[in-house]
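# Report on the structure
Chain residues, written in single-letter form:
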Amino acid sequence: MQGITSELHTGRAKKRSLWLDIGIRVIKNKAAMVGFVILAVLILLALFADVIADYDTVVIQQDLANMNQGPSLEHILGTDEFGRDIFARIIHGGRISLAVGLVSVCFSLVVGGILGALAGYYGGRFDNIIMRCMDIFLAIPSILLAMAIVTALGSSLLNLMIAVGISNIPSYARIVRASVLTIKDQEFIEAARAIGGNDFRIIMRHILPNTLAPVIVQATLGVAGAILSTASLSFIGLGIQPPAPEWGAMLSNGRTYLRSAWHVATFPGIFIMVTILSLNLLGDGLRDALDPKLKQ
Amino acid sequence: MSEKLLEVNGLKKYFKVKNGLLHAVDDVSFSIKAGETLGVVGESGCGKSTTGRLVLRLLEPTSGKIYFDGQDISVFSKAQMQDMRRQMQIIFQDPYASINPRMTVSEIIAEPLRIHKLTKSKEELDQRVSQLMDTVGLAERLYNAYPHELDGGRRQRIGIARALSVNPKFIVCDEPVSALDVSIQAQILNLMQDLQEELGLTYMFITHDLSVVKHISDNIAVMYLGQMVELAPSKELFANPIHPYTQALLSAIPVPSLKKRRERLLLSGEITSPVNPKPGCRFANRCPYAQESCHCQDNTLTEVSPGHFVACKLKAPEFQ
């Protein structure tokens, strides 16, 4: 018996698990790896921020004698309008910005994705009810919606994530619904039903994997949008409260001194940009890796 | 092996369209004996594929009864039907659209086994998939391949293996070879015939290709605009077609001979619209023998000789 089995297995192309396969394809993609490495560095910096700079003495302690100093050996990215070290504030601020960006996108992706998938798959009245609700959400400017939610719930980090997440749900719901609509009428969905698959299996195994490409692109762009929304909320005083550092708030505060001290706004801006760029590179790589047709 | 495996009675499917009801399948009745093949032929849009899907309840019939193995499956619940699909399967026309591009060959073939929990262990599943691939002539090295790496013929073999995996009694073949080129067509048809002999399968074979249907069928049903116009044993139908539409259809088969000149029965006129059709014979507008009375009354299938049914009042003996 053993002999027969091993004979059966000869000549088979190497068996790999799906996720390992995807991992290998991401690693082979240079641009995606650049994105991944930058993102990893940013996350590590945020994780070990306390080791690099002490929060109480460096990040929020004002030193008005040294305000708006340019980059130097002591403060490698200079100091802000209260004489605080910008690099220290950026790595501490990264904790909040990255957390809000990633968590709120995951939240809106999961909720919006489920709503969109159900609306697209079941159609009819169900679709109408869900999508009209989404239209109402879309009709309200997302920043206004987020403001309303934060005002209602009170401003804390978690509430900020929820607010930004909720205001982005409609865009994910629309994207997922649109791709579900194009896929659900394909013959392989009918085939899945013909072999006895139930709705749950058809949605999870056959429809959603085929909608990943546009969703991943939207999600990576969405992280950037979420960081900026957080910044806007902080700017009007509903987000992260000063003196806590947050990239968007640092950017908007530094705006005032752009003529006299360029570095105050520029460096947080560069960090936001690099984060978004690396997420986009990684997202593109992931999208390609998830498509078996582009193998090798 | 003469028991009726599938019996369909008065099957109807109407689709709501902008200006009325589209009668896709209109009062179709037939039965298939276990181990036999019913060929269903007709031109595009005559409702053959719809009939096939209705039989499997992939589409919900507007009315009519479907008996499978003595059970009325037209009243089955969704869950009962999911279970029933173990016994009735379908092979699709387009091998490019009918398999999920994100699953490997083995995952596609294993999926029905997983759904119906037909294997006890991973090893058993693995072995069953290998065995199925061997049965349909797919090389073992393709086990972890993705469908886009394969040609149409191999993809269709995946579709056949998937249908066979649950050991069904009955398979609806919805133009399984029309998307393939001729040399591959013959391979797939031979494979399907071998499988039928080996496994005692019953086929409902839908096609627009008469030479294919002659090759594989025991009985042939001819459909026109949602209705069955003639039903007869394969040889009888080719030797003695009675319905004018069948005659025209058969005269269109190319004859591979230079000397033999054949008479073509050319039809004129357009197909009547299947949306809100008027009463009367649907073929009357194009029929060379049509009379006044043809436009008034519906035709029903009438037995003209043992096993040979025709829906034409001019040709059925009691009208002559």
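Residues numbered from 1 in each chain as written. Chains lettered and ligands numbered in written order. Predicted model: local features only at pLDDT ≥ 70, side-chain atom pairs only at ≥ 80, totals over all residues. Heavy atoms only, no water.

## With respect to helix H3 (residues 30-47) of chain A
Residue and element names in this part refer to chain A. Keep this limit in mind: Numbering of helices and strands runs from the N terminus; a helix is a DSSP stretch of H or I covering at least four residues, while a strand is a stretch of E covering at least two. How far a helix is expected to stretch is found by multiplying one less than its residue total by 1.5 Å. Buried residues are those whose accessible area, probed at 1.4 Å on protein chains only, stays under 20% of the maximum for their type, while exposed residues exceed 50% and partly exposed ones sit between those limits. Here, the arc refers to the directions that run from the helix axis to the C-beta atoms.
For H3, with 18 residues, the first-to-last C-alpha span of 25 Å sits near the 26 Å given by 1.5 Å per residue. All buried positions along H3 are accounted for by Ala32, Gly35, Leu39, Leu42 and Ala46. All buried residues of H3 lie within an arc of 95° about the axis, which places them on one face of the element. Exposed side of H3, more than 90 degrees from the buried face: Lys30 and Leu47 are the residues found there.

## Digging into the confidence of the model for chain B
The cut-off we apply is this: pLDDT measures how confident the predictor is about each residue, on a scale from 0 to 100.
In the predicted model, chain B carries a mean pLDDT of 87, and the fraction of residues at 70 or more is 97%. Note on the complex model: pTM 0.80, ipTM 0.84.

## Quick word on the nonpolar core
For clarity, the cut-off: Within this scheme, the nonpolar core is defined by two criteria: the residues are buried Ala, Val, Leu, Ile, Met, Phe, Trp, Tyr or Cys, and they are joined through side-chain atoms within 4.5 Å. Note on contacts: a residue pair qualifies if any of its non-hydrogen atoms lie within 4.5 Å across the two residues.
Judged by nonpolar contacts, the single largest core of 45 residues is most densely connected at Leu77, Ile86, Ile90 and Trp247 of chain A. At the level of elements, helix H2 (18-28), H3, helix H6 (86-122), helix H8 (142-153), helix H9 (157-184), helix H12 (212-235), helix H13 (247-255) and helix H14 (262-289) of chain A are the ones that each hand at least two residues to this core. Not counting residues within four places of it along the chain, the set of residues in contact with Leu77 of chain A comprises Pro71, Ile86, Phe87, Ile90, His263, Phe267 and Phe271 of chain A. Grouped together as the second largest cluster of nonpolar side chains are 38 residues, Ile91, Val105, Ile108 and Val129 of chain B included.

## Focus on the pairing of strand E1 (residues 4-17) of chain B
Residues and elements named next belong to chain B. Quick note on the threshold: Think of it this way: DSSP has to see at least two bridges between two strands before they count as a pair.
Judged from the 10 bridges that link them, E1 and strand E2 (residues 20-33) form a sheet pairing that is antiparallel. Its bridge partner lying in E2, Val8 is registered against Phe30. Turn length for the E1-E2 hairpin, with the two strands adjacent in sequence and antiparallel, is 2 residues. Where E1 and strand E4 (residues 63-68) come together, 5 bridges link them in antiparallel fashion. Bridge pairing in E4 links Glu7 to Tyr67.

## What to know about the domain arrangement of chain B
Residue and element names in this part refer to chain B. As a reminder, the rule being used: Note that domain bounds follow an automatic or database assignment of domains. When two parts are brought into contact, each loses some accessible area as probed by a 1.4 Å sphere; the total of that loss over both is the buried area. The salt bridge definition used is simple: a Lys or Arg side-chain nitrogen within 4 Å of an Asp or Glu carboxyl oxygen. Under the rule applied, a polar contact is a pair of N or O atoms within 3.5 Å (in protein, one hydrogen donor and one hydrogen acceptor; residues adjacent in sequence only if both atoms are side-chain atoms). We call Asp, Glu, Lys and Arg charged. Ala, Val, Leu, Ile, Met, Phe, Trp, Tyr, Cys and Pro are nonpolar, and the rest, Gly among them, are polar.
Once the domains are mapped, chain B shows domain 1 (4-87 + 168-319) and domain 2 (103-162). The straight-line distance from the C-alpha centre of domain 1 to that of domain 2 is 31 Å. Here domain 1 packs against domain 2, burying approximately 850 Å² in sum over the two surfaces, 71% of which is carbon and sulfur. A per-residue breakdown of the area domain 1 buries against domain 2 is headed by Arg86, Ile188 and Leu191, which together make up 46% of the total. For the pair domain 1 and domain 2, the number of links is 0 salt bridges. Our enumeration of links across domain 1 and domain 2 arrives at 2 residue pairs in polar contact (both at pLDDT 80 or more). Mapped by element, the contributors of at least two residues to the side of domain 1 that touches domain 2 are helix H2 (78-84) and helix H6 (182-199). Along the lines of polarity and charge, the residues of the side of domain 1 that touches domain 2 split into 7 nonpolar, 2 polar and 2 charged.

## Details of the pairing of strand E6 (residues 88-91) of chain B
All names here are of chain B. Along E6, one buried face is formed by Met88 and Ile90 and the opposite face, lined by Gln89 and Ile91, is buried too. When E6 meets strand E7 (residues 170-174), the two strands line up parallel, connected through 4 bridges. Residue pairing in the sheet places Ile91 in a bridge with Cys173 of E7.

## A closer look at the pattern of salt bridges
If you walk through the whole model with that rule in mind, you get 20 salt bridges over all chains. Between Arg53 of chain B and Glu190 of chain A there is a salt bridge; the shortest N-O distance is 2.7 Å. On the criterion of chain membership, the pair formed by Arg53 of chain B in helix H1 (residues 48-55) and Glu190 of chain A in helix H10 (residues 187-194) is interchain, its members lying in two chains. Two residues, Arg287 of chain A and Asp288 of chain A, come together in a salt bridge whose shortest N-O distance is 3.6 Å. Overall, Asp288 of chain A belongs to the partly exposed group, its relative accessible area being 30%. Overlapping salt bridges bring together Glu187 and Glu190 of chain A together with Arg53 and Asp174 of chain B as one network.

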